[in-house]
Amino acid sequence: MRSGPQEYARLGAALRGLRPVSAVRHPGFEPKEALPSTLDALVTAQAIAVPSAAAEGPLVLLARSAGGSVAHVVVERLESEGAAPAAVALVDTCPPGPGDRGQTLSAMTSDMLRRAAEFASASPDRLTAMAGYFELFSGWKPAPLACPTLYVPARDLPPGAEPAPERNLPHAEDTVPGNHSTMLEEHARTTALAIHRWAGASPV
């Protein structure tokens, strides 16, 4: 719902001088902008956009929240095309599957709505887009990735949320300060440096 490059402004600032950072928008969140009609259409578009936006050198793809599902399925496509990124970092991404995912997503969504209302940014277009993306991923199950994966959960949970189910795919993990929102706001530097250190230490 609050998706956009602005989410990563502080994280990008924290990485200034350490590595170049680019942001890729998800289609369908602007007024009168069409939503992807199928998951394949979304993946095709983003599998083109991601390499085009990347600077020279090893690419580390990062995504936050439900955007982690988009990143994962895009990496699946890139790997199948021989254009895999060097690594992927999933920031507080709730894995698909059974368990407390519904309760966790509900608590996160409530928190996002509250924060969006504070800045008058919860437009009907963005709410519709969020619902459309959830529909695209209905029934989707992630496959194991060949590239190194870092899961970065927030230390603090939104009120009423239970811990997310454990991830059952290969990954490294580094919990960082803050909650689902503040880990990319006032705690953005800590989050950025944790990912930067991991990416530098990974065999990429």
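Not measured: the values here are computed from a predicted model.

## A word on the overall build of the chain
Scanning the chain from terminus to terminus reveals six helices and four strands. Looking at the chain as a whole, 44% of its 204 residues qualify as buried. Within the structure as shown, the chain displays about 10300 Å² of accessible surface, and the carbon and sulfur contribution to it stands at 55%.

## A few points about the sheet that holds strand β4 (residues 172-173)
For sheets, the rule is that strands pair by backbone hydrogen bonds, running either parallel or antiparallel. Read across the sheet, four strands follow the order β1-β2-β3-β4 without closing on themselves; strand pairing throughout is parallel. Either end of the sheet is taken by a strand with one partner, and the two such strands are β1 (60-64) and β4. Bridge count for strand β3 (residues 149-152) against β4 is two bridges, and the pairing is parallel. Note that in β4 the partner of L150 across the bridge is A172.

## A word on the confidence of the model for the chain
In the predicted model, the chain carries a mean pLDDT of 86, and 84% of its residues have values of at least 70. Note that residues 98-104 has pLDDT below 50 and, in this model, 15 contacts with residues that lie over four places away or in other chains.

Criteria and thresholds
- Residues numbered from 1 in each chain as written.
- Predicted model: local features only at pLDDT ≥ 70, side-chain atom pairs only at ≥ 80, totals over all residues.
- Heavy atoms only, no water.
- Helix = DSSP H or I, 4+ residues; strand = E, 2+ residues; numbered from the N terminus.
- Buried < 20%, exposed > 50% of the residue type's maximum accessible area, 1.4 Å probe, protein only.
- Areas by Shrake-Rupley, 256 points an atom, 1.4 Å probe, with all protein chains shown as cover.
- Pairing = 2+ DSSP bridges.
- pLDDT = per-residue confidence, 0-100.
- Contact = heavy atoms within 4.5 Å.

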